[in-house]
Each structure stands twice: as C-alpha cells, then as structure tokens.
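Examining the three-dimensional arrangement
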Amino acid sequence: MTIRLPGAGGALRTYEPRTEPLAVTPGTPFTSRTVFSAAHVVADPFADVSPDSPAAVDWDATLAFRRHLWSHGLGVAEAMDTAQRGMGLDWACAAELIRRSAAEAKAAGGRIACGVGTDQIAAGSLAEVRAAYEEQLAVVEESGAQAILMASRALAAAASGPEDYLEVYGHLLRQSAEPVVLHWLGPMFDPALEGYWGSSDLDAATDTFLDVIAAHPDKVDGIKVSLLDAQREIDIRRRLPRGVRCYTGDDFNYPELIAGDEQGFSHALLGIFDPLGPLAAEAVRVLDTGNVQGFRDLLDPTVGLSRHLFQTPTRFYKTGVVFLAWLAGHQSHFTMVGGLQSARSLPHFATAYELADGLGLFPDPKLAEERMKTLLSVYGVNQ
C-alpha cells in the first residue's frame, strides 16, 4: 500500500507506510528520572462554538488520553501550554480540567502536576497579578496536585524590573503548601513573554531566575526551562541549589539533556512526550538500567519529528500534537479548541505523518494511513 503526500513545493510524492508499529508495552515505574508529558485536551467536535467561544472539551476522551500516559509510567503535566492555555483554553475550563484530571490521577494512581498562571486576567497591577496567581494556586493545591508556577503574560506587562519578579514569586513561594516547579517559557512559545524575569538579556534574566530559587530552595521542587537552548539549560542546571531538579522543556535537544553528563542531568517535562509517550517511556526504562547508548538509540531518532512539530512559529506545535493523536486513534476527530487545527499547512501535516509513521508511533498503521488519506481528500488530493 502506498500514499501520495504533498511536499512544500506542491508536488506529490509516493510514500509506503510501515505495516507494524514499534513494539512497546507498559512497564515498571522509572527509577532514574522523573518524566512528565504535557498533555493536550480533546475538543468536543459536535459543540456549536466559534473560535472566540469558551472551550468545549470532550472530557471522556481527554481523561482517557491521560490514562494512556499513566499506563506507560509517565506523569501528566496538566493545563499547560500543550493544553492550549492562553490559546483557546480559558481559566474556567482549565480549572475544571485540573479538578477532573487530579481526581482521575488519584483513581488511576498516576502522578500529576498542574499549571498555575494568571490567565483569568488580561492585564493588571502587580497586586492583581499576585491575586490571580493565588486564586489558581488554591485550585491546584485543593485538587491534591503539585503546582507548576507558569510564566505570566500579565506579570511580563506589569513588571518594571527584576525586583517585581522577586517580590511576586517570593510571595507565592512563601505561601505555597508544597514545593512547586517554576516554569520559564521563552518567547518562541509565547511572544508576550519577551523580557521575562525583567530583562531581554538572557544572562541577566537567568541571574534573577536563580535569585528567586536561591531565596526559597525549600519551596522549589524544580524548574522547567523552555528556551530551546541546550547549553543555557546545562549552565542553569549546574547552578541550582542541591535538591532542586531541572526538568527539561527543550523539545529540540531533550535526549542529550536527559542523558546528562558527568556533572548532572535533566528530568523531563515535555510537550513532545505527548505523541512520543510509549516510546519515551521505553527509552527511560532502558536508561534506568544504566544503558545510556540504548536510551539515545531509541530517543535520538525522534528529534527530527519534534523539531518539525516545533518549527517556527513554535507556539503552533499543539496542532501537530493533536493531529498525531488523531492518527494514532486516541481521538475520533481532528478538531481543536479555538479552531487551531487550521494553524499548520497540509505539507506540514504530510511530513509529520511520514516522520511519525517511520518511528512506528501509530498503534494501527492502517488506521493512520486511512485517516491521512481522509485529510488529503478534504484538501483535494485524491489517491
């Protein structure tokens, strides 16, 4: 069986899909790394909504996908960027997602951490930003989940310098019930976060970020760095207080960062581990045995797919993630909150399909092929 796929220039090429998926099975919990998958939400395709409407979520399919990730030993990072926070998923829906997923995690015995932000306000004073953070932190803590303090668009707009970040984050860390994860999301993921930590100079911003941690090391479980800069993450990792973990958020360089070096390694909290879940889990279990090369042999070939999904404009990587979930059979449709399924081109989808199929990511390659052909026909490509 073959399928004709369009390239960037418009010409069609013939591709022969693989016939068998990569053989991976659920296994034992990880011992050497803590690994979270930032999970997407499944939209309700039958809801009569517009891109400006509150999100309509298919809760059954959304929670089923989280059970899929937990079954492979991965933790779930909930209500994060991958779940379209600030890109279709508003705070009211995110709060419901947090409550439902936290309850599901408790029932399934899965690990969960949830995003705490300020997206219930578009802008405000520092006091209003702090209050918005506090409201969300309370929801996460009441759910029993670990908190991830996400970067705030409102804080980026309201802060006049590093001291404002030190004050707001210090206040939140002092009142948090349990250690949190601090998330530094770069402007490639969200342009509104340019100059976060009080400076567009990344060296100065890094110093402020580390000052926040140094002042409250007992309240910081770890940090998630999403700057797509491997060396900067390594440099930050080496400067962390003892006991504070680094969770890589680098979807371009994750194999080498998780593998680490003689001075340390990164744990993981990654959007790419949504489509790569079973394969990533298999790789980490190999790493648990001390087999670094075996880990790299499994995970290195996935980087091409990840770099494709996260190509500029990076914030639209969510479209590729949901597209692959549809092809893999985790949901019955390719519809996204806010109509974001239109954010990537047909040639982009075609390459994503080819790369994912080559990795054996589709449990049913025939189903993936049929669904890809269905999409192609909508665009006028007849087989």
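As a starting point, this report considers the structure included with it. (Residues numbered from 1 in each chain as written. Predicted model: local features only at pLDDT ≥ 70, side-chain atom pairs only at ≥ 80, totals over all residues. Heavy atoms only, no water.)

A closer look at the overall build of the chain
Helix and strand counts for the chain come out as 14 helices and ten strands. On C-alpha atoms alone, the chain measures out to a radius of gyration of 20 Å, which is about the 21 Å that the 2.2 N^0.38 rule sets for 383 residues. By principal-axis analysis of the C-alpha atoms, the chain measures approximately 60 × 50 × 45 Å. Burial statistics for the chain: of 383 residues in total, 57% are counted as buried. Computed over 31 positive and 48 negative side-chain charges, the separation of the two mean positions in the chain equals 3 Å. (Helix = DSSP H or I, 4+ residues; strand = E, 2+ residues; numbered from the N terminus. Rg over C-alpha atoms; globule rule 2.2 N^0.38 Å. Buried < 20%, exposed > 50% of the residue type's maximum accessible area, 1.4 Å probe, protein only. Lys, Arg positive; Asp, Glu negative; His and termini not counted. Charge placed at Lys NZ, Arg CZ, Asp CG, Glu CD.)

Quick notes on the pairing of strand E10 (residues 267-270)
Residues His267 and Leu269 of E10 are buried on one face, and the alternating residues Ala268 and Leu270, pointing to the opposite face, are buried as well. Alignment of strand E3 (residues 35-38) against E10, held across three bridges, turns out to be parallel. The residue of E10 that forms the bridge with Val35 is Ala268. Strand direction decides the pairing type here: strand E9 (residues 245-248) and E10, joined by two bridges, are parallel. (Pairing = 2+ DSSP bridges.)

Concerning helix H3 (residues 126-143)
Here H3 is 18 residues long and its end C-alpha atoms lie 26 Å apart, about the 26 Å a rise of 1.5 Å per residue gives. Those residues of H3 hidden inside the fold are in contact with helix H2 (91-108), strand E5 (112-116), strand E6 (146-149), helix H4 (153-158) and helix H5 (162-175). Residue Gly144 follows H3 closely and has a positive phi angle near 90°. (Expected span 1.5 Å × (residues − 1). Contact = heavy atoms within 4.5 Å.)

Digging into the packing of helix H12 (residues 317-327) against helix H14 (residues 365-378)
Between two packed helices, the angle of one axis relative to the other and the distance separating the axes together describe the packing. Direction vectors running N to C along H12 and H14 enclose 125°, while the axes themselves pass 8 Å from each other. On the basis of the axis angle, H12 is oblique to H14. The segment H12 lies against H14, with Phe323, Trp326 and Leu327 engaging Leu367, Ala368, Arg371, Met372 and Leu375. Its residues assigned to classes, the contact of H12 with H14 shows seven nonpolar, no polar and one charged. (Axes fitted to C-alpha atoms, helices over the stretch in contact; angles between N-to-C directions. Parallel < 35°, antiparallel > 145°, perpendicular 65-115°, else oblique. Nonpolar A, V, L, I, M, F, W, Y, C, P; charged D, E, K, R; others polar.)

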